[in-house]
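For reference, the chains in residue letters:
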Amino acid sequence: FYQLLAGAQDTWRTQMSLKDADTFAYLSQSGCISVDGMDDKEEFDLTIDSMKAVEIADQEQFEIFKVFAGVLHLGNVSFIPDGDPDASRVKDMAVLTTASALLGINPQSFAQSLVTNVRELPGNKVVVSPQDVAASEASKDGVAKHIFNALFD
């Protein structure tokens, strides 16, 4: 993530709405956004060279890094109570819309999936119930982790 933010070309930065590392919740949580002696831009250039060496086309590289950017933006999605303390909603749909666009997901459907719990009961009965803020945050983080891990499967 840090390499992408430090080394992405300007067109990618614009297309992926990339900003400084400290503006992304997943990167700024620890308070450490750089490592002494490590040049993230240089490391990013080496990553790009390695991708080219194994014949990952430029467009495929772009799509891969869009997913990284989507996960970063997803980390900035937050939730607020929605009337009932057991229900929540996305605080700022613009943040989720940015993440959704990068991930190729419908933002309204994605928002709904993050704030509800769907269960199938015996007899194929489906029950949809709201989730509180903490549960929605956990759902979001689980989705982000799954997306990130899927890049390497």
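Residues numbered from 1 in each chain as written. Predicted model: local features only at pLDDT ≥ 70, side-chain atom pairs only at ≥ 80, totals over all residues. Heavy atoms only, no water.

1. Some details on the pattern of salt bridges
Think of it this way: side chains of opposite charge can pair up when their charged atoms draw near.
Here comes step 1: Under the defined criterion, the tally for this structure stands at 5 salt bridges.
Here comes step 2: Here Lys41 makes a salt bridge to Asp45, at a shortest N to O gap of 3.2 Å. In this pair, Lys41 and Asp45 both sit in helix H4 (residues 40-53), 4 residues apart, roughly one turn of the helix.
Here comes step 3: Classification of Lys41 by relative accessible area gives partly exposed; the value is 40%.
Here comes step 4: The partner of Asp141 in a salt bridge is Lys140, and the shortest N-O contact between them spans 3.8 Å.
Here comes step 5: Residue class for Lys140 comes out buried when judged on its relative accessible area of 3%. (Salt bridge = Lys/Arg side-chain N within 4 Å of Asp/Glu carboxyl O. Helix = DSSP H or I, 4+ residues; strand = E, 2+ residues; numbered from the N terminus. Buried < 20%, exposed > 50% of the residue type's maximum accessible area, 1.4 Å probe, protein only.)

2. Focus: the pairing of strand E2 (residues 84-90)
Here comes step 1: Sheet topology note: the strand E1 (residues 79-82)/E2 ladder contains 4 bridges and is antiparallel. Within E2, the position partnered with Asp82 by the bridge is Asp84.
Here comes step 2: If you look at the hairpin formed by E1 and E2, you'll find 1 residue sitting between the two strands, and Gly83 has a positive phi there, around 80°. (Pairing = 2+ DSSP bridges.)

3. Things to note about the nonpolar core
Here comes step 1: Residues Leu4, Leu5, Trp12, Met16, Leu18 and Phe65 are the most contacted members of the largest nonpolar core, which totals 18 residues.
Here comes step 2: Every element with two or more residues in this core is listed here: helix H1 (2-7), H4 and helix H5 (58-75).
Here comes step 3: It is H5 that provides the largest number of residues to this core, a total of 5 residues.
Here comes step 4: When near neighbours in sequence (up to four residues on either side) are disregarded, Leu18 contacts Leu4, Leu5, Ala8, Trp12, Arg13, Phe24 and Ala69.
Here comes step 5: Among the nonpolar cores identified, the runner-up in size contains 15 residues, and Val71, Leu96, Ala99 and Leu103 belong to it. (Core = buried A, V, L, I, M, F, W, Y, C linked by side-chain atoms within 4.5 Å. Contact = heavy atoms within 4.5 Å.)

4. Some details on the side chain of Thr116
Here comes step 1: Mapped onto the elements of the fold, Thr116 is located in strand E3 (residues 116-121).
Here comes step 2: A relative accessible area of 14% means that Thr116 is categorised as buried.
Here comes step 3: Side-chain polar atoms of Thr116 contact the backbone oxygen of Gln112, separated by 2.7 Å.
Here comes step 4: Thr116 has contacts with Val128, Ser129, Pro130 and Gln131, leaving out every residue within four places of it along the chain. (Polar contact = N/O pair within 3.5 Å; in protein donor to acceptor, adjacent residues only side chain to side chain.)

5. Some remarks on helix H7 (residues 107-115)
Here comes step 1: Here H7 has its buried residues at Pro107, Phe110, Ala111, Leu114 and Val115. Down the axis, H7 shows its buried residues gathered within 120° of arc, on one side only. (Arc of directions from axis to C-beta.)

6. With respect to the environment of Phe44
Here comes step 1: Inspection of the secondary structure puts Phe44 in helix H4.
Here comes step 2: When its relative accessible area of 4% is taken as the criterion, Phe44 is described as buried.
Here comes step 3: C-alpha of Phe44 to C-alpha of Leu5: the two residues are 39 residues apart in sequence and 8.9 Å apart in space.
Here comes step 4: Sequence-distant contacts of Phe44, that is, excluding residues within four places in its chain, are made with Gln3, Leu4, Gly7, Ala8, Trp12 and Phe65.

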